[in-house]
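Observations on the model geometry
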Amino acid sequence: MSAEPILELKNVHSGYGSIKALKNVSLKIYPGEVVAIIGANGAGKSTTLMTICGIVPIEKGDVLYNGMSVKNIAPEKLPPLGLCQVPEGRRIFPRLTIEENLILGAFYRNDKAEIQRDIEHVYSLFPVLGERVRQQGGTLSGGEQQMLAIGRALMTKPKVLLLDEPSLGLAPIIIRQIFDIIADINKNQGTTILLVEQNANLALQAATRGYVLETGEITLEDKADSLLHNPEIRKAYLGE
Amino acid sequence: MIQEFRKVWKQYAITMLWLLGLLWPLLGIHPDGTLSFEKTVTVWSYILAGTFVCLVIYIINSSGHLKIFTDPVVGTTRKFSGIAQAMPSWIWLSVLFVCAVVYPLLTGRYATDVAINVLLYICLGLGLNVVVGLAGMLDLGYIAFYGVGAYTYAILNVNYGLAFWFCLPFSAFFACIAGCIVGYPTLRMRGDYLAIVTLGFGEIVRIILNNWMTLTNGPNGILGVKPIGILIPVMENGFTFEIFWVKKLEFFYYFALALAIVAIIAVKRLNFSRIGRAWESIREDETAAELMGVNTFNYKLLAYAMGAIFAGLAGALFAARMRFVSPESFTFLESVMVLCMVVLGGMGSIPGIILGVIALIALPEVFRELESYRMLVFGSTMVIMMLFRPAGLIPAKRVGMRSEERE
């Protein structure tokens, strides 16, 4: 593991007005890792990702990306830096076609030939999408939409990919497929992945390290394997 | 056939009774307080007879007994649409263009007047389409920009004697500034809240126009605005230029046509550009657009400014045609009408909006013979149109347009 974290949260406090969603959250993500954040409903998992992306403002603390503070950088400036999020619930552009969705992922880029090659690459990762490039995103099934959302994020050429509940509302076989692709992206493209999941079992199997988030605070941090075998975690999150 | 009838007769009977209940207060209560039933019953029985015939034809058709007649008709229309699609679109566009050019030569003053109105509203509708149809922001005060454009030309012309062509960019510029002024503080809002704020802005502009006596002459309006002047070469005693004032409606028509064509081309190009794509992503999901690297604030502001520019240009032309501006031309109702044209025609669809404008400007003129029932017929036509074509008269053909164009 390299010494310098690519993404670091330092004692971050954030929230929505008077509601404090995150209290003193510190994370370190090293290049090439798959890190999972697990936690119950309302623990602040999605808020963590939204805070990193600057959608939810930071009250205290700092977010460092490649050693540089991104606290005051507007959300739309992050994809060019290599930080991109697949938001919770997919949030694709429903009335635009698959191809238009992907082109929008490459919005900040101007290299047409390269964009075309990346689109082909996404189609090779998700052949389902390649079969119906002109279909509107909103008419896809949930699993296909999740694939499109991941594909769209890949179009930004991320160095760090933030994934918010990729398994939400999907059939087990589709979830397996999507997690295989995530592992593939991590392995073959060297993309660092920060994964937020309610499905702790799944997330910890895919991850190298894990954090446990409880009511806005990090309560545990360990290797994914150790967390998976931690009796307390098994009791609280794996239903034993 | 009997079964088909069984399915609908209850609905039909209820609808007709409801119509009777609706018609009676409209036709049966007289201004002097007396009540009568005769007129209601006659009108109602006409409608009853008419709709019953339609119902019978519909039932015969849906049970398949009319195939002998409909099949050849469907066949020929299909053949014709096949031929139409095979022809390149520029042929259709040039036919339309020629029709538009010869229109004032073949029709009277009144028809030309209506056509100029249609052309100005096409420009307004397309401008509003950028804001509502592409960027997805509901704007209920759009006519304010039209007003700013019109007053800019009127004031610059009457007070400083500046020519139309000199003022035109200023009209666009000031409307654009107004767009940015309303946009900057309000674009953090979304949906309904934005609609209310824009509504307020529209009213503010109208009230300013109404009360700033020293600048706008208040409710009396500004009189004596010069029409468009163009330089034409004259060959008498050497080669000189002479100013020709476009006072005749037939001449003015061509300027309005030019503006409408510029607006159509501009909006079409914007729609299929990178900017258009950014606007559409904002309309679809603002947060997702932001996460994908779209600077949502700037693009929303740009949408406002672009929309306002079109309105400003149309406003300057409006002032040059009427040669008089007053705050009454820029009421909330006008904003709503432009919005209706966009929604009725089909948001985001250029041919749809053109048709929507024609429908909403021309229909009230066609129904003029119905006198006081005009607005009633107009309203019910709109309701029926929205029921049968909820996505607009010509819905935007979005699916895969860009992908196909590139191939």
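Not measured: the values here are computed from a predicted model.

Quick look at the overall build of chain A
- Check the secondary structure of chain A and you find ten helices and ten strands.
- Here the C-alpha atoms of chain A give a radius of gyration of 17 Å, agreeing with the 18 Å that 2.2 N^0.38 yields for 240 residues.
- Taken across its 240 residues, chain A has 47% of its residues classed as buried.
- Once local pairs closer than 6 in sequence are excluded, the contacts in chain A between residues at least 24 apart make up 68%.

Here we look at the overall build of chain B
- Of the regular secondary structure elements, chain B holds 17 helices and four strands.
- With the C-alpha coordinates aligned to their principal axes, the bounding extent of chain B is approximately 80 × 65 × 55 Å.
- Counting the 407 residues in chain B, one finds 34% classified as buried.
- Long-range pairs, those at least 24 residues apart, make up 73% of the contacts in chain B with a sequence separation of at least 6.

Remarks on the domain arrangement of chain B
- Per the domain assignment, the segments of chain B are domain 1 (2–82) and domain 2 (103–406).
- On a C-alpha basis, the centres of domain 1 of chain B and domain 2 of chain B stand 38 Å from each other.

A look at the sheet that holds strand S4 (residues 58–65) of chain A
Residues and elements named next belong to chain A.
- Reading across the sheet, the four strands line up as S2-S1-S4-S5 and stay open at both edges, with antiparallel pairing between neighbours. In this open sheet, the two edge strands, each paired with only one partner strand, are strand S2 (19–29) and strand S5 (68–69).
- Helix-sheet contacts for helix H1 (residues 45–52) involve strand S1 (7–16), S2 and S4, and the interaxial angle to S2 is about 70°.

As for the environment of B:Ala391
Residues and elements named next belong to chain B.
- Among the secondary structure elements, Ala391 is positioned in the loop between helix H16 (374–388) and helix H17 (401–406).
- Residue class for Ala391 comes out partly exposed when judged on the 14 C-beta atoms lying within 10 Å of it.
- Each C-alpha atom of the pair Ala391 and Val56 lies 29 Å from the other, and the pair is 335 residues apart in sequence.

Focus on the nonpolar core
- Within the largest apolar cluster, 163 residues are counted, with the highest numbers of intra-cluster contacts made by A:Leu195, B:Cys123, B:Ala303 and B:Ala314.
- Top contributing element to this core by residue count: helix H13 (residues 296–322) of chain B, with 17 residues.

Looking at the interface of chain A and chain B
- Listed by partner, the interface residues are 26 residues for chain A and 20 residues for chain B.
- For the side of chain A that touches chain B, the elements supplying multiple residues, two or more each, are helix H2 (78–81) and helix H3 (98–105) of chain A.
- With five residues, the top contributor of residues to the side of chain A that touches chain B is H3(A).
- Split by residue class, the side of chain A that touches chain B holds 14 nonpolar, five polar and seven charged.

Concerning the confidence of the model for chain B
- In the predicted model, chain B carries a mean pLDDT of 86, and the fraction of residues at 70 or more is 97%.
- Every residue in residues 399–407 of chain B is under pLDDT 50, and counting partners more than four places away or in other chains gives twelve contacts.

Focus: the sheet that holds strand S9 (residues 209–214) of chain A
Residues and elements named next belong to chain A.
- Pairing in this open sheet of six strands is mixed, and the strands run S6-S7-S8-S3-S9-S10 from one edge to the other. Because the sheet does not close on itself, it has two edges, and the strands there are strand S6 (83–86) and strand S10 (217–223). Each strand axis lies, on average, 15° off the axis of its neighbour in the sheet, ignoring direction.
- The pairing of strand S7 (residues 160–164) with strand S8 (residues 192–197) spans five bridges and is classified as parallel.

Some details on the environment of B:Asn271
- Looking at where B:Asn271 falls in the secondary structure, it is placed in helix H10 (residues 249–271).
- For the pair B:Asn271 and B:Cys54, spaced 217 residues apart in sequence, the C-alpha separation works out to 41 Å.

Focus on helix H1 (residues 2–28) of chain B
- Between the first and last C-alpha of H1(B) there are 36 Å, a value that for 27 residues agrees with the 39 Å anticipated at 1.5 Å per step.
- Its axis deflected by about 40° at B:Val8, H1(B) carries its strongest bend there.

Some words on the packing of H10(B) against H13(B)
All names here are of chain B.
- Between H10 and H13, the shortest axis-to-axis distance is 11 Å and the interhelical angle comes to 175°. The angle between H10 and H13 places the two elements in the roughly antiparallel class. Where H10 abuts H13, its residues Phe252, Phe255, Ala256, Leu259, Ala263 and Leu270 lie against Met306, Phe310, Leu313, Ala314, Leu317 and Arg321.
- For the contact of H10 with H13, the residue count by class is eleven nonpolar, no polar and one charged.

So, the pairing of strand S2 (residues 228–234) of chain B
All names here are of chain B.
- For S2, a buried count of zero out of seven residues is recorded, marking the element as mostly open to its surroundings.
- Where S2 lies against strand S3 (residues 240–246), seven bridges are found, and the strand directions are antiparallel. Counted as the bridge partner of Gly229 is Trp245 from S3.

Details of the environment of B:Ala289
Residue and element names in this part refer to chain B.
- Mapped onto the elements of the fold, Ala289 is located in helix H12 (residues 286–291).
- According to the C-beta neighbour criterion, Ala289 is buried, with 26 such atoms within 10 Å.
- Residues Ala289 and Trp279, spaced ten residues apart in sequence, show a C-alpha to C-alpha distance of 9.2 Å.
- Among all residues touching Ala289, those that are not within four sequence positions of it are Ser281, Ile282, Val294 and Thr296.

Quick word on helix H14 (residues 332–345) of chain B
Residues and elements named next belong to chain B.
- With 14 residues, H14 should cover 20 Å at 1.5 Å per step; its first-to-last C-alpha distance of 20 Å lies within 8% of that length.
- Among all positions in H14, only Glu334, Ser335, Val338, Leu339, Met341, Val342, Val343, Leu344 and Gly345 are buried.
- Gly346 lies just past H14 and shows a positive phi near 125°.

Some words on the pairing of S6(A)
Residue and element names in this part refer to chain A.
- Burial along S6 is two-sided: the residues Leu83 and Gln85 and Cys84 and Val86 are all buried.
- Two strands pair when backbone bridges link them, and S6 and S7 are joined in this way by four bridges, in the parallel orientation. Bridge assignment links Gln85 to a residue of S7, and that residue is Leu162.

Notes on the packing of helix H7 (residues 164–186) of chain B against H13(B)
All names here are of chain B.
- The geometry of H7 relative to H13 is characterised by a closest axis approach of 7 Å and an angle of 140° between their N-to-C directions. The hand of the H7/H13 crossing is right-handed.
- Of the residues in the contact of H7 with H13, the class split is 20 nonpolar, six polar and one charged.

Let's talk about unusual backbone geometry
- One non-glycine residue with positive phi stands out, namely A:Asn11, at about 45°.
- Tracing the backbone shows A:Asn11 in strand S1.
- For A:Asn11, a count of 12 C-beta atoms within 10 Å puts it in the exposed group.
- Here B:Arg323, not a glycine, exhibits a phi torsion of approximately 60°, which is positive.
- You can see B:Arg323 is positioned in the loop between H13 and strand S4 (324–325).

Conventions adopted
- Residues numbered from 1 in each chain as written.
- Chains lettered and ligands numbered in written order.
- Predicted model: local features only at pLDDT ≥ 70, side-chain atom pairs only at ≥ 80, totals over all residues.
- Helix = DSSP H or I, 4+ residues; strand = E, 2+ residues; numbered from the N terminus.
- Rg over C-alpha atoms; globule rule 2.2 N^0.38 Å.
- Buried ≥ 20, exposed ≤ 12 C-beta atoms within 10 Å, placed from the backbone.
- Contact = placed C-beta atoms within 7 Å.
- Domains from an automatic or database assignment.
- Pairing = 2+ DSSP bridges.
- Axes fitted to C-alpha atoms, helices over the stretch in contact; angles between N-to-C directions.
- Core = buried A, V, L, I, M, F, W, Y, C linked by C-beta atoms within 7 Å.
- Nonpolar A, V, L, I, M, F, W, Y, C, P; charged D, E, K, R; others polar.
- pLDDT = per-residue confidence, 0-100.
- Expected span 1.5 Å × (residues − 1).
- Bend = angle between axes of the 7 residues up to and from the residue.
- Parallel < 35°, antiparallel > 145°, perpendicular 65-115°, else oblique.
- Left-handed = near helix turned anticlockwise from the far one by under 90°.

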